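Results of the structural survey
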Amino acid sequence: MDATTDAPALLPDRPRVDARRPIALIVGVAATVLFVALRVAVDLDGGAPLAFDQWWDGAMAALANPVAVIVAWIPATVGGTIGMIAIGISTTIVFLLVKRPWDALNVAGAIALVVLIGAPLAAVIARARPSGSLAETQATSFPSGHTAVATTIAITLALILRRGWIWAAGVVWVLLMMWSRTYLHAHWLSDVTAGFLEGVAVSTLVWALVEVWRVRRAQRVVGAAA
């Protein structure tokens, strides 16, 4: 799925199957299974922090300093609800303006789905956040919505635009978001890991689904014109 070539993205009317689709499906299913396994592990402990959660939270507390807190707030703010909605809407509009409706559908559908899954799930699980959180305090810690949406946007754009630098930038952005949310003690490490897995699953599976739909529709159009 690592597409570092500079070949242009598939046009929406091109009836060709993207060779990355089977890989995306495998990655999506694997991420879903790992997400469920992590959810079970957290549930078995009654929502209490796991051993590596406590270790990581302690490590972040030991590294606390005012400058790092300010830096951590940057991705937390940009990647918040308003920021992500703005990014999602603007990206969708751009794809529509350049006449790439399938890509617009992909971005909008992936962001909508990851929010529709993550927000209710966090409310139902109602896992408590680390003590001394510098951000949110309500018991909606698992999974991390910031990380899930950041991962979804990064992978979706990388799959659509097929550029190596977008993959690299996406990795940096997601890792920065995961660090930010744990450094601010807004989430346990298992929360941001779950958010990452959720984002991977949603982005890859939605992209693969849109690709199937796009190719089948293009094939019908070509068949009708023949």
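First things first, this report covers the structure right here in the doc. All of these numbers come straight from a predicted model, not from anything done at the bench. (Residues numbered from 1 in each chain as written. Predicted model: local features only at pLDDT ≥ 70, side-chain atom pairs only at ≥ 80, totals over all residues. Heavy atoms only, no water.)

**Some thoughts on unusual backbone geometry**
Keep this limit in mind: Strands are runs of DSSP state E lasting at least 2 residues, helices are runs of H or I lasting at least 4, and numbering of each runs from the N terminus. Each residue's exposure class comes from its accessible area (1.4 Å probe, protein chains only) as a fraction of the maximum for that residue type: buried when under 20%, exposed when over 50%, partly exposed otherwise.
A cis geometry characterises the amide bond from Phe142 onward to Pro143, with omega recorded as -5°. Located in the positive-phi region is Ala126, a residue other than glycine, with phi close to 50°. Turning to its location among the elements, Ala126 is positioned in the loop between α5 (101-125) and α6 (145-161). At His185, a position not held by glycine, the phi torsion is positive, near 60°. When its relative accessible area of 10% is taken as the criterion, His185 is described as buried.

**A closer look at the pattern of salt bridges**
So the rule is basically this: For this analysis, a salt bridge means a side-chain nitrogen from Lys or Arg found within 4 Å of a carboxyl oxygen belonging to Asp or Glu.
A complete count under the given rule lists 8 salt bridges for this structure. Notably, a salt bridge pairs Arg39 with Asp43, separated by 3.6 Å at the nearest N-O pair. Of the two residues, Arg39 and Asp43 are both situated in helix α1 (residues 21-44); the distance of 4 residues between them amounts to about one turn of the helix. By relative accessible area, Arg39 is classed as partly exposed at 22%. By relative accessible area, which is 47% here, Asp43 ends up partly exposed. Glu136 serves as the salt-bridge partner of Arg181, at 2.6 Å between the closest nitrogen and oxygen. Of the two residues, Arg181 sits in helix α7 (residues 164-183) while Glu136 sits in the loop between α5 and α6, which places them 45 residues apart along the sequence. Overall, Glu136 belongs to the partly exposed group, its relative accessible area being 24%.

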